[in-house]
Amino acid sequence: MEYNYSGIKPESIELLCLNRFNDSKEFYEGHKEELKNGITVPLRQIVLDMSDVLYDIDDKMYLEPTRVVSRIYRDTRGNRSKIKYRENMWIFFRRYKKEYPSAPFYYFEIFPNSYGFGLVFWTWRASAFQVVHQMILEQPKRFMKCVKACADAGFTFECRDTYKKDRYPDAPKELKPFLVAKNMSFYYNGFDMERIGSTAIIDEMRLAFDIARPMYDFFIEAHQRMMDQGFIKPEE
């Protein structure tokens, strides 16, 4: 299969880091085209190369390449850090966020010395995530099959925030790590930066995202319940 992706090279990542280190408009403007062609364009190419498998997973995905890739220039308004430029970049593969706020999403990201991809479900309100807990309790076998699918995809489970108190003391032990979670991530991190220099990363993500599809379906069903129950509302 032919891909659009031209690869992200070490020199492009080095330039991205230098741009952040200099943190000046003058430096950025002098290297703007190099950064665009070396970082932004390849990330947009990834979106194109992933689009068919992602549309197959969810035909409501919003995959406009110019809109789903992060910008090198940071909006520092209301942010403690006033550094104007990024040294990490990402893509969010998800539904249109104004129509489907807080919808689960797949992602890809790069850092100076690593890269990662996976599946995430965060909500602004922790109370909304209790809908996920309820679905887990209603369908434990289905959920654990979803967890296994993520493991088969090479993903590791993580949650950034948890409840300190056991809210479901009678739940099976294997479900406990998920029932204290206020959000969920299933992720893979890699450190062989040569992988993102070739189309190998495209094949890797296409396979992993497809294998993890059962968990995405579980999450998207939970998200729909959240919307139906008024926990999440489309933006005006």
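Residues numbered from 1 in each chain as written. Predicted model: local features only at pLDDT ≥ 70, side-chain atom pairs only at ≥ 80, totals over all residues. Heavy atoms only, no water.

Some remarks on the overall build of the protein chain
Phase 1: Broken down by element type, the protein chain carries eight helices and six strands.
Phase 2: Counted from the first residue to the last, the protein chain has its helices and strands arranged as α-α-β-α-β-β-β-α-α-β-α-β-α-α.
Phase 3: Here the C-alpha radius of gyration of the protein chain, 19 Å, is about what a compact globule of 236 residues would show, namely 18 Å.
Phase 4: Projected onto its principal axes, the C-alpha coordinates of the protein chain cover approximately 60 × 45 × 35 Å.
Phase 5: Taking the contacts inside the protein chain whose residues are at least 6 apart along the sequence as the reference set, 70% of them involve residues at least 24 apart.
Phase 6: Of the charged side chains in the protein chain, 36 are positive and 35 negative; the average position of the first set lies 8 Å away from that of the second. (Helix = DSSP H or I, 4+ residues; strand = E, 2+ residues; numbered from the N terminus. Rg over C-alpha atoms; globule rule 2.2 N^0.38 Å. Contact = heavy atoms within 4.5 Å. Lys, Arg positive; Asp, Glu negative; His and termini not counted. Charge placed at Lys NZ, Arg CZ, Asp CG, Glu CD.)

Points about the sheet that holds strand S6 (residues 184–190)
Phase 1: Taken together, six strands build an open sheet; the order of strands is S1-S2-S3-S4-S6-S5 and the sheet is antiparallel. The open sheet has two free edges, formed respectively by strand S1 (61–62) and strand S5 (156–158), since each of these has just one partner strand.
Phase 2: Sheet analysis places strand S4 (residues 115–121) next to S6, joined by seven bridges and oriented antiparallel. Looking across to S6, one finds that Tyr-115 is bridged to Gly-190. (Pairing = 2+ DSSP bridges.)

As for the side chain of Asn-183
Phase 1: Tracing the chain through its elements places Asn-183 in the loop between helix H6 (176–179) and S6.
Phase 2: Only 2.8 Å separates the side chain of Asn-183 from the backbone nitrogen of Arg-160, close enough to count as a polar contact.
Phase 3: For Asn-183, the side chain forms a polar contact with the side chain of Asp-161, separated by 3.0 Å. (Polar contact = N/O pair within 3.5 Å; in protein donor to acceptor, adjacent residues only side chain to side chain.)

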